[in-house]
Amino acid sequence: MKTNFEFPSTIPLAMAPYGSGSNYKLKAAFIAIFIFIVFIVLFSSGIIHAADGVKWHPGHYYQLLGGAKNNPKFMMDAVYKDLVNTPALRGIQVRYMWGDIETAKGQYNFASIDKHLAELQKRNKRLVIMIQTKSFSANSVTYVPPYLRSVEYDGGVFTFSGSGPNKPTGENLKLWNPLVRDRLSELFRALGKRYNAHPYFEGIGMSETALGAPLNPVTGTQTNDFYKNLHMVLQEARKAFPNTMVMQSVNYPRPIIAPLVETLKKMGGGLSHPDTYLEERGLLMEGTKYTPPGVYTHYPKLSGIIPLAPTVMHHNYANTKSDSSGYKPTVSELLDFLRDDLKANYIFWTRDPKYYQGVLEMLNWSAQKDKDAGGLSTTCPSTYSSCVQ
């Protein structure tokens, strides 16, 4: 597939005229040779990237559960051993709270990401990160940087309930606030500056779109601005990562999904979702003139157009419905649904201690082990001018 390359703007090239005649031709020849040599050196080291091409290594990825990303060395050694021994595993997805990376305003700690990239690169595996923009713990200290909780940002977050009235279960961003929006965009710019050109940094995204049930009332204008600003942050993230997959994890509310999908198509973004429930009506709903469809129905229509990158969380191994009224699916059932029905390019399998051995067993079957991308679709999305492999 055609790949166009741009010369890095960090390399100064003298543009002044050189005169004429043989002296000009000699100088021009030396400059051409110099540019060619520098190009070869930078391209072979992964510093130069396609002007419009995006890194593209679809397949199966581990998602690390909870705080596993910074667990003791023996834990990560086990993860890396699984990666080496399982060809169908292309890499890992790691979730970071905003406050894990931006420790103070404009001050960023990239140590954990750098460490994972170094270890993965040695094994020819790749890294995808998700920025947690929603916390599922009411006491998550590092969920956002401390400065964001100040009066300047109107506290930065709101508390929501998912288990009953007046029972806080987590926090979400006050993304309707333009100052919060701008700081989140700045986080993606800082990450893009550092990692967009890294050949083993495969993708970046944000966690689920569901707002949660606010404990304190949120106005309709605030809700609308929340999703309007989400579109804006995603577009800024795509600008910061022109050569890296940028995706959004989508579940609810259903009315915002179709417009968000259109934004993803226009900007060249990817569609993900946080949970794979095989019998969840709200996710599977076809939609009518009275009610919009669930997110799963969008996937097959987007096959070959944008990256499709669903997630299997730990509770998805245990039940086909979020209220536990379904049944326990097999790993094969989950794979069949994501690969054949949703046409996934990437699947992020949570490495749950109770279930990951079954995932590894499935990934070592010949149907996954002996096929490109573990049997998942490798078609370069049409929203990309090219894919870089």
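Summary of the structure given here. Keep in mind it's a predicted model, so treat the numbers as computed, not measured.

**Some thoughts on the packing of aromatic side chains**
1) Next: Taken as a whole and judged by the stated rule, the model has 15 aromatic pairs.
2) Next: Aromatic side chains Tyr317 and Tyr355 sit 5.0 Å apart centroid to centroid with 25° between the ring planes, which places their arrangement in the stacked category. Taken together, the residues Tyr317 in the loop between strand 14 (311–312) and helix 10 (331–341) and Tyr355 in the loop between strand 15 (346–350) and helix 11 (356–363) connect sequence positions 38 residues apart.
3) Next: Using a relative accessible area of 18% as the deciding quantity, one classes Tyr355 as buried.
4) Next: Taken together, the aromatic side chains of Trp56, Tyr61, Tyr346, Phe348 and Tyr384 make up a single cluster linked through ring pairs.
5) Next: Here Lys134 stacks its cationic end above the ring of Phe160, 4.8 Å away from the centre of that ring.

**What about the state of the cysteines?**
1) Next: Under the definition given, this model contains 1 disulfide.
2) Next: Disulfide partner of Cys380: Cys387, at an S-S distance of 2.1 Å. Note on the Cys380 and Cys387 pair: the S-S dihedral is about 90°, so by sign convention the disulfide is right-handed. Just as Cys380 is buried, Cys387 falls in that class too.

**Some details on the pattern of salt bridges**
1) Next: The full count for this structure, using the stated rule, is 17 salt bridges.
2) Next: The partner of Arg194 in a salt bridge is Asp114, with the nearest N and O atoms 2.6 Å apart. Taken as a pair, Arg194 in helix 5 (residues 178–195) and Asp114 in helix 4 (residues 111–122) lie far apart in primary sequence, 80 residues in all.
3) Next: Between Glu208 and Lys134 there is a salt bridge, and its shortest N-O distance comes to 2.7 Å. Residue Glu208 is found in the loop between strand 10 (201–206) and strand 11 (213–214), and its partner Lys134 is found in strand 7 (residues 134–135); the two are separated by 74 residues along the sequence.
4) Next: Taking relative accessible area as the criterion, Glu208 reaches 14% and is therefore assigned buried.
5) Next: One connected set of salt bridges, linked through shared partners, spans Glu186, Arg189, Glu236 and Lys239.

**With respect to the environment of Tyr317**
1) Next: Accessibility expressed as a relative area gives 2% for Tyr317, which makes it buried.
2) Next: Separated by 38 residues in the primary sequence, Tyr317 and Tyr355 have C-alpha atoms spaced 7.1 Å apart.
3) Next: Each residue touching Tyr317, except ones within four places of it in the same chain, is listed here: Val312, Lys328, Pro329, Leu334, Trp349, Thr350, Asp352, Tyr355 and Val359.
4) Next: Among the polar contacts listed, one links the side chain of Tyr317 to the backbone oxygen of Thr350, at a separation of 2.8 Å.

Calculation notes
Within every chain, residues take consecutive numbers counted from 1 along the sequence as written. For a predicted model such as this one, the threshold for reporting local features is a pLDDT of at least 70, and the threshold for listing and counting side-chain atom pairs is 80 or more; totals across whole chains, interfaces and linings nevertheless cover every residue. Side-chain calculation: all heavy atoms of the structure are included, whereas hydrogens and water are not. Ring geometry is summarised as follows: Phe, Tyr and Trp rings, the Trp one being its six-membered ring, pair when their centres sit within 6.5 Å, and such pairs are stacked at plane angles under 30 degrees, edge-to-face over 60 and tilted between the two. Starting at the N terminus, helices and strands are each numbered in turn, a helix being any DSSP run of H or I of at least four residues and a strand any DSSP run of E of at least two. Exposure categories follow from relative accessible area, calculated using a 1.4 Å probe and restricted to protein chains: below 20% of the type maximum is buried, above 50% is exposed, and the middle band is partly exposed. Only when the NZ of Lys or the CZ of Arg is both within 6 Å of the ring centre and within 35 degrees of the ring normal is a charge said to sit over the ring. Only a pair of cysteine sulfur atoms within 2.5 Å counts as a disulfide in this structure description. We define a salt bridge as a contact between a side-chain nitrogen of Lys or Arg and a carboxyl oxygen of Asp or Glu at a distance within 4 Å. Residues count as neighbours in contact if any of their non-hydrogen atoms are within 4.5 Å of one another. We call two N or O atoms a polar contact when they sit within 3.5 Å, provided that within protein one can donate a hydrogen and the other can accept it, with sequence-adjacent residues counted only if both atoms are side-chain atoms.

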